[in-house]
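A closer look at the structure
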Amino acid sequence: MTSVLFVTPEIAPWIKTGGLGDVAGALPTAMRGAGVDVNESAIFAAKARVPRGLFAATGARHLPFPDGSYGLVFTCGLLIHVPTEDLPATMDEMYRVSQKYLMVIEYDATHETMIEYRGRMNALWKRPYRHLFEDRFALTYIEGGFLARPAFDDCTYHLWEKR
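Figured I'd write up the structure that's included with this text.

Before going further, it helps to spend a moment on the packing of helix α3 (residues 87-97) against helix α4 (residues 129-136). One can describe the packing of α3 onto α4 by two numbers: an axis separation of 11 Å at closest approach and a directional angle of 70 degrees. Considered as vectors, α3 and α4 are oriented roughly perpendicular to each other. Handedness of the α3/α4 crossing: right-handed. Between α3 and α4, the contacting residues are Leu-87, Pro-88, Met-91, Asp-92 and Met-94 on the first element and Leu-132, Phe-133 and Arg-136 on the second. For the contact of α3 with α4, the per-class residue count stands at six nonpolar, no polar and two charged.

All told, the structure shown has five aromatic pairs when counted by the stated rule. Above the face of the Tyr-95 ring, Lys-162 is positioned so that its terminal group lies 4.0 Å from the ring centre.

In most cases, non-glycine residues show a negative phi, while peptide bonds are predominantly trans. Backbone geometry at Arg-118 places phi at a positive 55 degrees, although glycine is not the residue there. Mapped onto the elements, Arg-118 comes out in the loop between β6 (113-114) and β7 (125-126). Classification of Arg-118 by relative accessible area gives exposed; the value is 58%. One non-glycine residue, Asn-122, adopts positive backbone phi at about 60 degrees. Tracing the backbone shows Asn-122 in the loop between β6 and β7.

Turning to the nonpolar core, a few remarks are in order. Counting residues in each nonpolar core, the largest one holds 34 residues, and the members touching the most others are Leu-79, Leu-102 and Phe-133. Among all residues touching Leu-79, those that are not within four sequence positions of it are Leu-87, Thr-90, Met-94, Val-104, Glu-106, Arg-127, Tyr-129 and Phe-133.

Let's shift gears to the pairing of strand β2 (residues 34-37). Both faces of the sheet carry side chains from a regular strand, because those side chains alternate between them. Residues of β2 alternate between two faces, with Ala-34 and Val-36 on one and Gly-35 and Asp-37 on the opposite face, all of them buried. Across four bridges, the pairing between β2 and strand β3 (residues 54-57) is parallel. Counterpart to Val-36 in the pairing with β3 is Ala-56. For the handedness criterion, the β-α-β arrangement of β2, helix α2 (residues 40-49) and β3 is classed as right-handed.

With that settled, consider the pattern of salt bridges. One pass over the structure, following the stated rule, counts seven salt bridges. Between Arg-96 and Asp-67 there is a salt bridge, with the nearest N and O atoms lying 2.7 Å from each other. With a gap of 29 residues between them, Arg-96 in helix α3 and Asp-67 in the loop between β3 and β4 (70-76) connect regions that are remote in the sequence. The exposure class of Asp-67 is exposed, given its relative accessible area of 58%.

Turning next to the environment of Glu-112. Note on placement: Glu-112 falls in the loop between β5 (98-106) and β6. Among the residues examined, Glu-112 registers a relative accessible area of 38% and is labelled partly exposed. Counting along the chain gives 13 residues from Glu-112 to Trp-125, while the straight-line C-alpha distance between them is 6.5 Å. If we ignore the near neighbours within four places in the chain, the residues touching Glu-112 are Thr-84, Trp-125, Lys-126, Arg-127 and Pro-128.

Right, let's get into α2. Among the residues of α2, Ala-42, Ile-43, Ala-45 and Ala-46 are the ones counted as buried. Down the axis of α2, the buried side of the element spans an arc of 165 degrees, and every buried residue falls inside it. Turned more than 90 degrees away from the buried face of α2 sit Glu-40, Phe-44 and Ala-48, all of them exposed. Buried-residue contacts for α2 involve β2 and β3.

Quick notes on the rules
Residues numbered from 1 in each chain as written. Predicted model: local features only at pLDDT ≥ 70, side-chain atom pairs only at ≥ 80, totals over all residues. Heavy atoms only, no water. Axes fitted to C-alpha atoms, helices over the stretch in contact; angles between N-to-C directions. Helix = DSSP H or I, 4+ residues; strand = E, 2+ residues; numbered from the N terminus. Parallel < 35°, antiparallel > 145°, perpendicular 65-115°, else oblique. Left-handed = near helix turned anticlockwise from the far one by under 90°. Contact = heavy atoms within 4.5 Å. Nonpolar A, V, L, I, M, F, W, Y, C, P; charged D, E, K, R; others polar. Phe/Tyr/Trp six-rings, centres within 6.5 Å; stacked < 30°, edge-to-face > 60°. Lys NZ or Arg CZ within 6 Å of the ring centre and 35° of its normal. Buried < 20%, exposed > 50% of the residue type's maximum accessible area, 1.4 Å probe, protein only. Core = buried A, V, L, I, M, F, W, Y, C linked by side-chain atoms within 4.5 Å. Pairing = 2+ DSSP bridges. Right-handed = clockwise from strand over helix to strand, strands pointing away. Salt bridge = Lys/Arg side-chain N within 4 Å of Asp/Glu carboxyl O. Arc of directions from axis to C-beta.

Functional significance is not addressed by these values, which are geometric in nature.
Right, dumping it as structure tokens:
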């Protein structure tokens, strides 16, 4: 059986600011989930909803999972909030815990661009994720595309297989 690690900054009903929270919250409760969050109350709520899950109060730079423990590791709306100086460590952790596939669903751009987010700067960046991952790791690009509103917030997805 292939396992999946889904890293997301929001999940309904605990944290929901848009459609992403609904998508993440729709995952079956019978599923054995795994996740991390810096907010301990979100971890408590996740454990209550998915008792068989593996949850830890930590950031994505230090994933508490063994090497190659998930067949697919993917983010959706997470990397856009990772500061530039923390992005390489976060990407390294995704790669480390992935057994075979990596996927990102994020705001994409041809170069890194800081965007104001809820009246704050230094909280959201668009980036060239395909190039960032392919320049850092031995990956085979499988596919990518654009996910438009209303289901997604105009995000681009990229899917790779580890070589």
